[in-house]
Amino acid sequence: MKKRLLALGLILTMAVSMVACGGGEAVSREEQEAPAATETTADASTPAKEIKNPYVDDVKIAYIAHDISTPNNQAWLEGIERECEYYDNITVQPFNGDSSAEEQVKIMSEVINQEYDAIIIQCSDGAALADSVSQAEAAGIPVITLNLDADCTHSALVQALDYDAGRLVADEIAAATNEEGKVVIIQGIAGVSRTDNLEKGFRDTIAEKYPNMEIIASQAADFEKEKATTVMNSFLSQYDKIDGVFAINDAMAEGASLAAQNAGRLGEMVIWGADGEKDALSMIEEGTLTGTIYTNSWDQGSTAAKIALLMIGSEFDSSVLSKTPQVMMEPVVATKDTVGTIAQEDRW
C-alpha cells in the first residue's frame, strides 16, 4: 500500500516541477507550463478531511464526461475503469454531460451531495463549472480535470500538450506544401482551453516560421463531425485553392475529409486532426486523412484515476495550492509513414 501510494505521489511531484514533452521547443510550453504548488496556512475552521485506504475501504469515483458518446470520452472512461478494475471496493460511476455545462453543474451538485470520494471531469465550460469544482474541493472531494479545465484551482489537470500539438501540425502542413500554402482552420468550442492552445500553437508557428503560408479562414464546428462537414463545404465553395486543413479534433477532420471527398477535391490538400482516435488512424492508413496528433487517452484516463486514488488516500488538500498541478501527456505525430508504430492495443 505505502509503496503504491509513494509511486503515485511521483505523478504530482513531477506535475509541479516539469512538463513531459515530445521534442518541442521550450518556448512552446509558455501557455501550458506546469505550475508550482505553494503551501499556505489552512483555515482552522476547515473540517478535517476523511482519509481512506483507497484499496480497502469503499470508494466511489464519479466520471463526468462532456459527451460520453465520443471516442475520447469513452477511452478516458475505459482507462479509469482499467486502473480500478482489480479492486472490488472501488466503484466508477460515469455520467453524461450531454455537451452541456448546465447539465454538468447539475451532476456535480448531485455527486457532491452523494459524497463521492473523487471526481474526474472534462469541463464543458471552465468558467461555468468553476463554482461547482470549488464546492467539491471544499467538501473534501478532489477534482481531476481532463483536457478541458475548470477556471479555478483544484487538485489536478491531466492534459495533452495542446500548444505543442498545434506547432507540430503547422510544421507538418508546411512540409507538405513547400512552406507556401493556403490553410483553413476548423475550430472547436470558442474559449475552451484545448481549442485555444491548439490553435495558438498552430498560428504562432505559421507566423514565426512560415511567412509564405497564409491562414485564409477559420470557423468553429464545436468538435462535431457533421458541423465540420458543413463548415468545410462552405470553405470549398468560397476558395478555389486550399492547400491545408487543420481541424482541432479528429471528428472534425473526418468531417472535413468527407466534404473534400464529396467535392472531388481531396487530392488537392492535406487534412490534419488532433486526438488520435482509432477511426482517424484507420483513415490515415487508407489515405483519406493526412495525419493527426495521437495521445494515448487510455493512459490519460488511467493517470487521472491514479491521481484520484492518491488524493483519496492522503491528507492532501487543494487549499495549499496557488495553481492547479498539471500532468501533460506526450503528443505523437501519426502519418501514413508512422501510424504503423501505434500498436492496435493502444488504439482507442
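Since we're looking at a predicted model, the values are computed, not measured. (Residues numbered from 1 in each chain as written. Predicted model: local features only at pLDDT ≥ 70, side-chain atom pairs only at ≥ 80, totals over all residues. Heavy atoms only, no water.)

Participant: Please explain the pattern of salt bridges as it appears in this structure.
Facilitator: Side-chain pairing between opposite charges can occur once the charged atoms of the two side chains come close. Evaluated as defined, the whole model comprises twelve salt bridges. In this structure, Lys182 and Glu214 form a salt bridge, with 3.1 Å as the shortest nitrogen-oxygen distance. Taken as a pair, Lys182 in strand 6 (residues 182–187) and Glu214 in strand 7 (residues 214–220) lie far apart in primary sequence, 32 residues in all. The exposure class of Lys182 is partly exposed, given its relative accessible area of 31%. A salt bridge links Asp204 to Lys200; the nearest nitrogen and oxygen atoms lie 2.9 Å apart. With a gap of four residues between them, Asp204 and Lys200 both fall in helix 6 (residues 193–209), about one helical turn apart. Residue classification places Asp204 among the buried residues on the basis of a relative accessible area of 18%. (Salt bridge = Lys/Arg side-chain N within 4 Å of Asp/Glu carboxyl O. Helix = DSSP H or I, 4+ residues; strand = E, 2+ residues; numbered from the N terminus. Buried < 20%, exposed > 50% of the residue type's maximum accessible area, 1.4 Å probe, protein only.)

Participant: Would you take a moment to explain unusual backbone geometry for this structure?
Facilitator: Leaving glycine aside, a negative phi is the common case for residues, and trans is the common case for peptide bonds. Phi at Ser99 is positive, roughly 55°, even though this residue is not glycine. The class of Ser99 is partly exposed, set by a relative accessible area of 37%. A positive phi angle, close to 55°, is found at Asn178, a residue other than glycine. Considering the arrangement of structural elements, one finds Asn178 in the loop between helix 5 (162–176) and strand 6. Residue Asn178 is classed as exposed on the basis of its relative accessible area, which comes to 62%.

Participant: It is not clear to me how the packing of aromatic side chains should be interpreted in this structure. Could you clarify?
Facilitator: Two aromatic rings, taken as a pair, are described by how far apart their centres are and by the angle between their planes. The tally for this structure, following the rule as stated, stands at three aromatic pairs. Geometrically, the ring pair formed by Phe202 and Phe246 is tilted, given 4.8 Å between the ring centres and 35° between the ring planes. Linking Phe202 in helix 6 with Phe246 in strand 8 (residues 244–247), this pair joins segments that are 44 residues apart in sequence. Across this residue pair, the class does not change: Phe202 and Phe246 are buried. Lying across the ring of Tyr116, Lys60 places its NZ or CZ 4.5 Å from the centre. (Phe/Tyr/Trp six-rings, centres within 6.5 Å; stacked < 30°, edge-to-face > 60°. Lys NZ or Arg CZ within 6 Å of the ring centre and 35° of its normal.)

Honestly, that's just the spatial picture; any functional story needs more than this.
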